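Close look at the chain arrangement
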Amino acid sequence: MSAIFQILNLLGGLGIFLIGMKSMSDGIHKRSGDKLKSLLGTLTTNRLMGVFTGLAATCIVQSSSATTVILVSLVNAGLVNLQQSIGVIMGANIGTTLTAWIVSIFGFKVKITSFALPAVAIAIPFYFSRSEKRRELAEVLIGFGLLFLGLHLMKESVPDIGSSPEVLAFLTRFTSLGYLSIILFVLVGAVLTVILQSSSAAMALTLTMAYKGWIDFPIAAAIVLGENIGTTITAFLASLPMKAEAKRSARAHMVFNLVGVTWMLIVFFPFLNFIDRLVPGLSSDSSMIPLHLSAFHTSFNIANTLLLIWFVPLIAELVKRMIKDDQIIPGYGKYRFVSVPSNIPDAVESNLISVHAEAARMAQETWSMMSQIQLAAQDFSRIDEVEKKVGALEDYLDSMQEELTDFLTDCMRDSLSNYQARNIQALQRVVYELESISDSAYSIAMLIKKLKEGDLPLHKKGPEELAEYTGRVLDFLKFNADNLGKSIRDYDLEAALRFEDAIDEMRDQLNKISRRKMAKKKRSELKGELIFRDIVRHLEHIGDYSLNISQALRLAD
């Protein structure tokens, strides 16, 4: 019975560690999530810069899973290419080793419980503060306290191996198989990390077992190698609903870690001897194993990066062969937005990146619709073909707007940072306005069709004026399409206002011309000019919708 309670205490301590890790990571991420996305999206100009970017990002958020999930989302959105992402993955693998050092130094060398509970106590007043920054600080402090409290409970619940001869006899059956034992415990480490969905928690458990003497240094190092494989499952699962390029990025993570573990197993024991000479103290002393294990973890990932960074193009080519290109289905069917499951770390941030990409695609489609309208305005004989294309696109964008709006509304139920909440509200406004643009575009197509079928005349330069006015609207649509996925700055908003002013100015000019022409026409000839003015009105509305999009993006900053 006591053994059962010891196991339950161990699992309870592990659970508290996981909760603490999540709380601390969430608090840090809420303060730096937008900066992390920007960092990953911009500082990846070459392989070496990508490595440093991945290293810095993972050290900031204390989670390689968060880094890689956001990374594959950026690849999915087309903001980072495959080869750039591989460099970031290498850096993230190095950055995640910082957790092991923190746990080894503070968890086993310092009486951390003296600081863990006071940290929680200090955090409580901030937790109930109205200031979001203070609440985020409280999350970090509470996470810090719970993390080391969980580690302390794990240490206390695991008895010294000397007091459990039956457990020692059981473990000896698996640890005395020579090189086969190493392979076996690599698999154990991989499975453990997949189950826990956290390489940091798996590492903390491994450090605790080694510190208590249940496993020796070689076996613990083998488990760490397995954890390096198991941690790739998170990005793999996140990439499943994404495009082929994002799947390739996640698969590159697996290939990189698998190749690294393979060559490390070949030089396993000589590498352990190198770590023994590098780190003070004997690895045979269980109290020194955590430091040796942390050094092994970091040295392995640095060595693997230095070795494989030269083969990034080869890895990229390999995963391209593993994952086929996306199948392009002609035409427009029913739209469906496939999101990353909410149990994946940073699912909200990942999904918001995907929604940004889909909104940018909507903007591109509205630009395409208006380009077709411009052609039809110059040559009415093309309107039948244009009306079919625009009608199909309008139906498709209706379903996009409905699907994305429903998803964003569901996101509001999650725990969000202030930045994420603003982003969601901005995106809801953007997709609504884009759908309104598509409605107006279709209305214009139907009005042009009415002119053609009724053989209704316009004034001499009417078609040219409509085409020119549509061109001004197209410029505004292109401006918004280019700015989607990034924040609108003050100077960009001023440019948007200039677009809107130019559209309003030309509207007034065209209405004035139309009124003058109508005054000279017979009553029976007025219908064409009235439709002309309706088209101008719809084009002006599209300018208004476009300004609303620019303002929404500005507010998201």
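What this report covers is the structure whose coordinates are included nearby. Remember, predicted model here, so these are calculated numbers, not experimental data.

Right, let's talk about the side chain of Ser249 for a bit. Inspection of the secondary structure puts Ser249 in helix α13 (residues 244-266). Here Ser249 falls in the buried class, since its relative accessible area comes to 0%.

The next subject is the side chain of Asn304. Tracing the sequence through the fold places Asn304 in helix α15 (residues 289-308). If near-sequence neighbours (up to four positions away) are discounted, Asn304 is found in contact with Phe256, Gly260 and Trp263.

All right, on to the packing of helix α9 (residues 179-196) against helix α10 (residues 199-211) then. Relative orientation of the contacting elements α9 and α10 amounts to 130°, with a least axis distance of 8 Å. One way to sum up the angle between α9 and α10 is to call them oblique. You can see that α9 and α10 cross each other, and the crossing is right-handed. On α10, the residues that touch Leu192, Thr193 and Leu196 of α9 are Ser199, Ala201, Ala202 and Leu205. Across the contact of α9 with α10, the residue classes break down as five nonpolar, two polar and no charged.

Counted by the stated rule, this structure contains 13 salt bridges. A salt bridge links Asp504 to Arg507; the shortest N-O distance between them is 3.8 Å. Residue Asp504 and its partner Arg507 are both found in helix α21 (residues 490-519); the two are separated by three residues, about one turn of the helix. With its nearest N and O atoms 3.2 Å apart, the salt bridge here joins Arg537 to Asp534. Highlighted residues: Arg537 and Asp534, both in helix α22 (residues 526-555), separated by three residues, approximately one helical turn. Assessed through its relative accessible area of 37%, Arg537 is described here as partly exposed. The structure contains a network of salt bridges with shared partners spanning Asp504, Arg507, Asp508 and Glu540.

It is worth spelling out the packing of aromatic side chains at this point. For any pair of aromatic rings, the description rests on two quantities: the centre-to-centre distance and the angle between the ring planes. In the structure shown here, the tally under the stated rule is 11 aromatic pairs. When the ring of Phe268 is compared with that of Phe269, the centres are 5.2 Å apart and the planes differ by 80°; the resulting orientation is edge-to-face. Relative accessible area serves as the criterion here: at 1%, Phe268 is assigned to the buried category. By relative accessible area, which is 39% here, Phe269 ends up partly exposed. Ring geometry for Phe476 against Phe499: centres 5.2 Å apart, planes inclined by 15°, an arrangement best described as stacked. Remark: Phe499 occurs in helix α21 and Phe476 occurs in helix α20 (residues 462-483); sequence separation between them is 23 residues. Judged by relative accessible area, Phe476 falls into the buried class, the value being 0%. Put simply, the rings of Trp263, Phe268, Phe269, Phe271, Phe274, Phe296 and Phe300 pair up and form one aromatic cluster.

A few words on the environment of His253. Along the chain, His253 turns up in helix α13. According to the relative accessible area criterion, His253 is buried, its value standing at 3%. Between the alpha carbons of His253 and Gly87 there is a distance of 9.9 Å; along the sequence they are 166 residues apart. The residues contacting His253, other than those within four sequence positions of it, are Thr68, Ile89, Asn93, Thr231, Thr232 and Ala235.

About the thresholds
Residues numbered from 1 in each chain as written. Predicted model: local features only at pLDDT ≥ 70, side-chain atom pairs only at ≥ 80, totals over all residues. Heavy atoms only, no water. Helix = DSSP H or I, 4+ residues; strand = E, 2+ residues; numbered from the N terminus. Buried < 20%, exposed > 50% of the residue type's maximum accessible area, 1.4 Å probe, protein only. Contact = heavy atoms within 4.5 Å. Axes fitted to C-alpha atoms, helices over the stretch in contact; angles between N-to-C directions. Parallel < 35°, antiparallel > 145°, perpendicular 65-115°, else oblique. Left-handed = near helix turned anticlockwise from the far one by under 90°. Nonpolar A, V, L, I, M, F, W, Y, C, P; charged D, E, K, R; others polar. Salt bridge = Lys/Arg side-chain N within 4 Å of Asp/Glu carboxyl O. Phe/Tyr/Trp six-rings, centres within 6.5 Å; stacked < 30°, edge-to-face > 60°.

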